[in-house]
Amino acid sequence: MNSRKHSAMIVGLSAAMLAGTLAGCGTSTSAAPPTKNISDITIGTLYAGSGAFATSSLPEYDGLKFWASQADKSGGVFVKALHKKVPIKIVAYNDQSSVTTATSLYSQLISVNHVNVLVADFGSVLTSVAVPVAEENKMVLFDQSGTGTTFFTPNNPYIVLTSLPNSGLWPDSLAQYLIGQHYSRVAILYDTNDFDQSQEQTLVSKLKAAGITPVYNSGVPTSTSSYSVLLNNISHANPQAVIEFGYPNNDISFLQALKASGAQYKMVFTIFPGQLPTLFTTSDGPSSINNIYTYPAPPLISHAHVNYGMNSSQFMAGYQQAMGHSANFLNIAGYNTGLIIQKTLETANSLSQLSLRHAVSRFSGTIETLDGKFQINSEGAQTGETLPVGKLTTNSAGKVSVDLVTPLS
Amino acid sequence: MLEYSIVAGILFGVFFGFMALGLNLIFGVMQVVNLAHGDFVVLGGYLAVIAYSAGHINPVVSLVGAFVLFFLIAFALYFPVIPRLTRSKDPEMLSLILFFGLSQIIEALDVIGFGNNPRSLPLAIMGAAPWHFLGQSYQMAWVITAIVSLVMIGATYLFLYYTRIGYAARAIMGSREEAAASGLPVAQTSAIIFGVGIGLAAMAGVLSPFMIGSIDPSTGLGLTTIAFAIVVIGSLGNPLGSVLGGLVYGVSVMLMQTYFSSWSDLVPYLLLLIIVLAKPSGLLGKGVRNA
């Protein structure tokens, strides 16, 4: 009897605590902003106008702006909570690639601009400071391309990864290909940051599970620009496949040094030629990425079953017309973020942040955009999109094509 | 791997010694720290990239154009800026602030003019076949870049030791007041040395895509840091110290990449710390500077 009383007391106490917690959440987060006076949906974001991440951040921001302009052309997006179409307004600040500046600007967007939707800047470095700010302020962070595995935890419901899978998942197809080709001598060179290191960890664990221990595995600082000695060290390990995980600047320098070294391997893999092929062909000529293996991304590949937003060819034509230049993957990533926000607003019953987050979970797995299937896990990490592995070929005119060596999901 | 690291480090270090030479010359003569040095290097790099992409002009030819153009720009910049700095009570500190501002302006102008994307040159311009030495293969672009850097270091040495302006510059490095009292044209010499220093930075910039892969507007700050570390390691104010500092830096980076690759970006700061603690006047010290 006593034990039953005791159990009942624990259950009661737990229920009270849970109710209290939920009530606490409700007072600060779920209270929807007053809807009567809303004349537009304000999206707050940052972009890097200069510095190390400007190359990637600006195109992503352009993609988001393109989405907003397209939505506003048709009178805005439908907001279920308001039962009407509402125009989109973007409030954006330049963080100059500085995490310190970004931290204060994310807070400013929330507490001064009172934005309805918060969108992170490009990549894991500038997103890493947005995650705690958003969580502390109980704002859902629409994370465009910050794929670091540490951002996604069971206790933080305030994050949604929109345009790329969690970086820990990226090398799944690469590992599958290496194992399938029976490459027993694999060399890995990676940058020591969240994005690249998590890929190295996944790849090494998958290779080891298949009985393959890399013959060379070394980390270098992200600022590395000289690869000659590193390539010489790799050549001493006599690998069949050389995998380099870096950012675009690293990939450019690595491929240049590889070409100049004259070394030949059965397979050379780097991340970004598949996302930003033009950047590579204009930097060091089309031959710099010929026969290089990579993760090809739209527009280099296209997803066939798009059921939400523009498909790849519509986007390329529309973007070219609106912006005056052709689109790359990062433009698509920014546009895709806009689509996810649009679907969220169409689905959410109120504009409270938890309602927005629940809405994302509700439509997760049901839409396919030009960037692939949108599906998140309970922690907000993207799991629907997978990155296939492809081999690039280029002609002298700079035209880049890709042969997929693992299937496109 | 050890031999390769050392030889590659020497090639790398000769270039970086050349890259830091202009910073050291300017400090030696004017006692001002040019924090925009790396940004002038980047501007030289852009000049080479544009000259090659627009007119297929070989970077070795662009070297001459870069020197002339940036010498004239620096000469024009000298008169409204540097005399005021050198007359102030604390020229070093004021120059830090002023040139930091100039660095920010150049970076912003780079973004407007050239965009944020990294720009590079095909390494094959300098020869596609690698150079074989002691059973190892080295990038031909590195070898040619190091040779050109050595030639320019030699030319700077001849300029300093066998020309009237060079004599005057060395006298000013020893003591600005005594040089002025001896009737040497301090202002004109300083202006020419400022032009030469910036011109050398731009020349190093022309070669930089071959050594550091690519350039973008944000590259300048990192290059300034490396150049500053190199001149402190060698000896602040002593142009020959830059060469020694560059070699120490280059070999250390390559050895670090081979044996402790994750820590290789700490090299300039570690060397700086060690030199400041063990021999604050730099490896060549003050005695050589005044010789």
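Note that the structure is a prediction, hence the values are computed from the model and not measured.

With that out of the way, let us pick up the overall build of chain B. A count of helical and extended segments in chain B gives 12 helices and 2 strands. Listing the helices and strands of chain B from first to last along the sequence gives α-α-α-α-β-β-α-α-α-α-α-α-α-α. The globule rule puts the C-alpha radius of gyration for 291 residues at 19 Å, and the 18 Å found for chain B is close to it. Split into buried and exposed, the 291 residues of chain B put 55% on the buried side. Restricting the contact set of chain B to residue pairs at least 6 apart, pairs at least 24 apart contribute 78%.

On to the overall build of chain A, then. On a plain count of helices and strands, chain A comes out with 13 helices and 16 strands. Against the compact-globule benchmark of 22 Å for 409 residues, chain A has a radius of gyration of 23 Å, which places it among compact chains. Relative to its full complement of 409 residues, chain A shows a buried share of 55%. Sequence separation of 24 or more characterises 69% of the internal contacts of chain A that already satisfy a separation of 6 or more.

Another point: helix α11 (residues 267–278) of chain B. Residues and elements named next belong to chain B. The first and last C-alpha atoms of α11 sit 16 Å apart over 12 residues, in line with the 16 Å expected at 1.5 Å per residue. All of the buried residues along α11 are Val-267, Pro-268 and Ile-275. Take α11 and look down its axis: the buried residues cluster within an arc of 95°, on one side only. For α11, exposure combined with an orientation more than 90 degrees from the buried face picks out Tyr-269, Leu-273, Ile-274, Val-276 and Leu-277. Contacts from the buried residues of α11 go to α9 (219–234) and α10 (239–259).

What follows deals with helix α3 (residues 99–111) of chain A. Note on helix geometry: an α-helix contains 3.6 residues per turn, so any two residues three or four positions apart are oriented the same way. Residues and elements named next belong to chain A. An ideal rise of 1.5 Å per residue puts 18 Å on 13 residues; α3 measures up with 18 Å between its terminal C-alpha atoms. Along α3, the residues classified as buried are Ala-102, Leu-105, Tyr-106 and Leu-109. Buried residues of α3, seen end-on, are gathered within an arc of 105° and therefore sit on one face of the element. Relative to its buried face, α3 has exposed residues pointing more than 90 degrees away, namely Thr-100 and Ser-111. Looking at the buried residues of α3, the elements they touch are β1 (41–47), β4 (88–94), β5 (117–119), α4 (123–128) and α5 (130–136).

Let's shift gears to the sheet that holds strand β6 (residues 141–143) of chain A. All names here are of chain A. In space, the 5 strands of this open sheet follow the order β4-β1-β5-β6-β7, with parallel pairing throughout. Among the strands making up the open sheet, the edge pair consists of β4 and β7 (159–161). This sheet shows a mean twist of 25° between the axes of neighbouring strands, independent of strand direction. Packed onto the sheet, helix α2 (residues 54–73) meets β1, β4 and β5 and runs at close to 165° relative to β4.

Residues and elements named next belong to chain A. Note: strand β15 (residues 390–394) against strand β16 (residues 400–404), 5 bridges, orientation antiparallel. Counterpart to Gly-390 in the pairing with β16 is Leu-404. Taking the residues that link successive antiparallel strands as the turn, the β15-β16 hairpin has 5 residues, and the phi of Gly-398 there is positive, at about 95°.

Between chain B and chain A, the contact holds 35 residues from the first and 35 residues from the second. Elements represented by at least two residues in the side of chain B that touches chain A include exactly α1 (2–30), α4 (91–114), α5 (140–162), α8 (186–212) and α10 of chain B. Among the elements that line the side of chain B that touches chain A, the one with the most residues is α1 of chain B, at 4 residues.

Glancing now at the nonpolar core. A general tendency of soluble globular proteins is for nonpolar side chains to be buried together. Judged by nonpolar contacts, the single largest core of 217 residues is most densely connected at Leu-118, Leu-141 and Phe-142 of chain A together with Ala-202 of chain B. Examining the composition of this core, we find that 18 residues originate from one element, α1 of chain B, more than from any other.

This part is about the packing of α1 of chain B against α9 of chain B. All names here are of chain B. Their axes nearest at 8 Å, the elements α1 and α9 cross at an angle of 75°. Between α1 and α9, the angle is such that the two are roughly perpendicular. Facing α1, whose interface residues are Phe-16, Gly-17, Met-19, Ala-20, Leu-23, Asn-24 and Phe-27, α9 presents Leu-223, Ile-226, Ala-227, Phe-228, Ile-230 and Val-231. Broken down by class, the residue content of the contact of α1 with α9 amounts to 11 nonpolar, 2 polar and no charged.

With that out of the way, let us pick up the environment of Ser-104 of chain A. Residue and element names in this part refer to chain A. Relative to the assigned elements, Ser-104 resides in helix α3. Assessed through the 14 C-beta atoms surrounding it within 10 Å, Ser-104 is described here as partly exposed. For the pair Ser-104 and Ala-130, spaced 26 residues apart in sequence, the C-alpha to C-alpha distance is 9.6 Å.

So, on to the environment of Ser-53 of chain B. Residues and elements named next belong to chain B. Summarising the element assignment, Ser-53 is placed in helix α2 (residues 37–55). For Ser-53, a count of 12 C-beta atoms within 10 Å gives the class exposed. In sequence terms Ser-53 and Leu-272 are 219 residues apart; their C-alpha atoms lie 38 Å from each other.

All names here are of chain A. Relative to strand β9 (residues 216–220), strand β8 (residues 186–191) is paired through 5 bridges, and the arrangement is parallel. Pairing of Asp-191 across the sheet is with Val-220, part of β9. The handedness of the β8 to β9 crossover, carried by helix α7 (residues 194–209), is right-handed.

Each value, and the rule that gives it
- Residues numbered from 1 in each chain as written.
- Chains lettered and ligands numbered in written order.
- Predicted model: local features only at pLDDT ≥ 70, side-chain atom pairs only at ≥ 80, totals over all residues.
- Helix = DSSP H or I, 4+ residues; strand = E, 2+ residues; numbered from the N terminus.
- Rg over C-alpha atoms; globule rule 2.2 N^0.38 Å.
- Buried ≥ 20, exposed ≤ 12 C-beta atoms within 10 Å, placed from the backbone.
- Contact = placed C-beta atoms within 7 Å.
- Expected span 1.5 Å × (residues − 1).
- Arc of directions from axis to C-beta.
- Pairing = 2+ DSSP bridges.
- Axes fitted to C-alpha atoms, helices over the stretch in contact; angles between N-to-C directions.
- Core = buried A, V, L, I, M, F, W, Y, C linked by C-beta atoms within 7 Å.
- Parallel < 35°, antiparallel > 145°, perpendicular 65-115°, else oblique.
- Nonpolar A, V, L, I, M, F, W, Y, C, P; charged D, E, K, R; others polar.
- Right-handed = clockwise from strand over helix to strand, strands pointing away.

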